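Residue strings, one per chain:
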Amino acid sequence: SAEAYAAECEIPQAFGSYQEMLDSGAVDAVYISLPNHLHEEWSIKAMQAGVHVLCEKPFALTLESVDRMIATSAETGMKLAEAFMYRHHPQTKLIGEWVQSGRLGDITHIQASFDFTLTNPDNIRLQPELGGGSLWDIGIYPLSLAQYVMGSTPEWVLGSQWIDESGVDVWFAGHLCYESGGVAQISSSFKSPWRTEAKIFGTKGMLTVTRPFIGDDPAERQMTFCPVGGEPEEIDLPVEYLYLGEVNDMHRVILDGGENYLSLSETRQHVQTLLALYQSAERNEIVYL
């Protein structure tokens, strides 16, 4: 099947297994988009084979797995990064500039969501043993945005979920409270019409973003600033292919050295906060980080 696909897509080499490919010496870096439960295993095997790794979100399903992956990167000298493509997009960096420059004032509140309707019961997103669930799959996007805007993990979280017959959360809502006093409310769903949006509230105004996480059509991307006591203002957004930034970032650190734009510390915080949200939903109580 690999040979057939390679022929169809004019790929010069094909391998019968992942390990054969890693041992071939023919590749310098891999992008790991396997099901969530395989991220740790193949990230570590790749780095041990001398191959750099860009690993899809969620990075891993436990903090212990995250720490083993980070330790392997340090031991082997191979570059390792989480593939959160939206974090590298100029739109997201522009949001960061607005927040960090103080143009929104003190950040008081974030609302962010990512929903779509999943109809195939055999989809890996609905299989708990493979790391399925709406929070793992798409809820981690608004969670990541909250961490980015607030600049830290929350002090405590409160989660709520709906688990259907699949055994995974098909709907999740999270309430995250930060040391600054700011609050983030995030949600994800496999049972709702397509929706992805974010609102960032500050003491000087609000940013509304229609496509914070996905989409390459510039016409669908809109960012509006609503100042306190003023009229809404449409913000001009740079146009760039959504996945270009994370690839260029890996090229930079592999060829020139240095650290990835999205740090492994931030990546660890993503998983730490997500696990706390699941723990809160299971216990029906606040969980402190």
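See above for the structure.
Quantities reported herein were computed from a predicted structural model and do not represent experimental measurements.

Chemist: I tried to follow the sheet that holds strand S4 (residues 107-117) on my own but got confused; where do I start?
Modeler: Backbone hydrogen bonds hold the strands of a sheet together, and the pairing may be parallel or antiparallel. What the nine strands build is an open sheet, ordered S11-S10-S9-S8-S4-S7-S6-S5-S12; its pairing is mixed. Since the sheet does not close on itself, it has two edges, and those belong to strand S11 (233-234) and strand S12 (287-288), each with one partner. Direction of pairing for S4 relative to strand S8 (residues 191-202): antiparallel, over a ladder of nine bridges. Considered in S8, the bridge of His109 is made with Phe201. Where helix H7 (residues 134-150) meets the sheet, its contacts fall on S4, strand S6 (169-177), strand S7 (183-189) and S8, and the angle it forms with S4 comes to roughly 160°.

Chemist: How should I be thinking about the pairing of S6 in this particular structure?
Modeler: Sheet faces and side chains relate simply in a regular strand, where the side chains alternate between the two faces. Here strand S5 (residues 156-163) runs beside S6; their pairing, made up of eight bridges, is antiparallel. Note on S6: the bridge partner recorded for Gly159 is Gly174. Counting the residues in the hairpin turn of S5 and S6 gives five residues, including Gly167, whose phi is positive at 95°. As paired elements, S6 and S7 share seven bridges and run antiparallel to each other. Each bridged residue has a counterpart across the sheet, and for Leu176 the counterpart in S7 is Ala184.

Chemist: I tried to follow the pairing of strand S10 (residues 223-227) on my own but got confused; where do I start?
Modeler: Sheet topology note: the strand S9 (residues 205-209)/S10 ladder contains five bridges and is antiparallel. Paired with Val209 across the bridge in S10 is Met223. Bridge analysis of S10 against S11 gives two bridges, and the strand direction is antiparallel. Looking at S11, one finds that Thr224 is bridged to Glu234. Where S10 folds back onto S11 in an antiparallel hairpin, the turn is made up of five residues, including Gly229, whose phi is positive at roughly 75°.

Chemist: I'm lost on the side chain of Arg221 in this one. Help?
Modeler: Following the sequence through the fold, Arg221 ends up in the loop between S9 and S10. Although Arg221 is buried, it forms no salt bridge, and the closest oppositely charged side chain is Asp216 at an N-O distance of 5.5 Å. Other than its neighbours up to four places away in sequence, Arg221 contacts His89, Gln91, Thr210, Arg211, Ile214, Gly215, Leu237 and Leu242.

Chemist: How do you make sense of helix H8 (residues 244-256) when you look at a structure like this?
Modeler: If you check H8, its first and last C-alpha atoms are 18 Å apart, about what 13 residues at 1.5 Å a residue would give, namely 18 Å. Burial in H8 covers these residues: Gly245, Glu246, Asp249, Met250 and Val253. Down the axis of H8, the buried set is contained in an arc of 135°. They therefore lie on one face. The exposed set on the far side of H8, more than 90 degrees from its buried face, consists of Leu255 and Asp256. At its buried positions, H8 is contacted by strand S2 (52-56), strand S3 (80-83) and helix H5 (85-88). Among the residues trailing H8, Gly257 stands out with phi positive, at a value near 85°.

Chemist: I'm lost on the layout of surface pockets in this one. Help?
Modeler: Unoccupied space between atoms shows up once a probe the size of one water molecule is rolled over them. The calculated volume of the largest pocket comes to roughly 590 Å³. If you go around the largest pocket, you meet 22 residues; those closest to its centre are Phe15, Tyr18, Met21, Val30 and Tyr31. Of all the secondary structure elements, the ones that give two or more residues to the lining of the largest pocket are helix H1 (2-9), helix H2 (18-23), strand S1 (29-32) and helix H3 (39-48). Per-element accounting of the lining of the largest pocket gives the leading share, four residues, to S1. Residue composition of the lining of the largest pocket, by class: 18 nonpolar, four polar and no charged. In this model, the second largest pocket occupies a volume close to 420 Å³. Surrounding the second largest pocket, 24 residues form its lining, Asn36, Glu56, Lys57, Arg125 and Asp137 being those nearest its centre. Broken down by secondary-structure element, the contributors of at least two residues to the lining of the second largest pocket are S4 and H7. No other element matches H7, which puts four residues into the lining of the second largest pocket. Residue composition of the lining of the second largest pocket, by class: 14 nonpolar, six polar and four charged.

Chemist: Would you explain helix H4 (residues 63-76) in this entry?
Modeler: Each α-helix turn comprises 3.6 residues. Residues three or four places apart therefore point the same way. In this model, H4 (14 residues) spans 20 Å end to end at C-alpha, consistent with the 20 Å of a helix rising 1.5 Å per residue. Where H4 is concerned, the buried positions are Leu63, Ser65, Val66, Met69, Thr72 and Ser73. Along its buried surface, H4 packs onto H3, S2, S3 and helix H9 (264-283).

Chemist: It is not clear to me how the sheet that holds S1 should be interpreted in this structure. Could you clarify?
Modeler: With parallel pairing, the three strands of this open sheet are ordered in space as S1-S2-S3. Each edge of the sheet is formed by a strand with only one pairing partner; in this case those strands are S1 and S3. Going across the sheet, the axis of each strand differs from the next one's by a mean of 20°, ignoring polarity. Strand direction decides the pairing type here: S1 and S2, joined by four bridges, are parallel. Across the sheet, the residue bridging to Ala29 is His52, located in S2. Against the sheet, H3 touches S1, S2 and S3, its axis set at about 170° to S2.

The rules behind these values
- Residues numbered from 1 in each chain as written.
- Predicted model: local features only at pLDDT ≥ 70, side-chain atom pairs only at ≥ 80, totals over all residues.
- Heavy atoms only, no water.
- Pairing = 2+ DSSP bridges.
- Helix = DSSP H or I, 4+ residues; strand = E, 2+ residues; numbered from the N terminus.
- Contact = heavy atoms within 4.5 Å.
- Axes fitted to C-alpha atoms, helices over the stretch in contact; angles between N-to-C directions.
- Buried < 20%, exposed > 50% of the residue type's maximum accessible area, 1.4 Å probe, protein only.
- Lys, Arg positive; Asp, Glu negative; His and termini not counted.
- Salt bridge = Lys/Arg side-chain N within 4 Å of Asp/Glu carboxyl O.
- Expected span 1.5 Å × (residues − 1).
- Arc of directions from axis to C-beta.
- 1 Å grid on protein atoms, 1.4 Å probe; cavity = no way out; pocket = protein on both sides within 12 Å on 5 of 7 lines; lining within 4 Å.
- Points joined across faces, edges and corners; volume = space filled by probe spheres on them.
- Nonpolar A, V, L, I, M, F, W, Y, C, P; charged D, E, K, R; others polar.

Nothing here speaks to function; it is all geometry.
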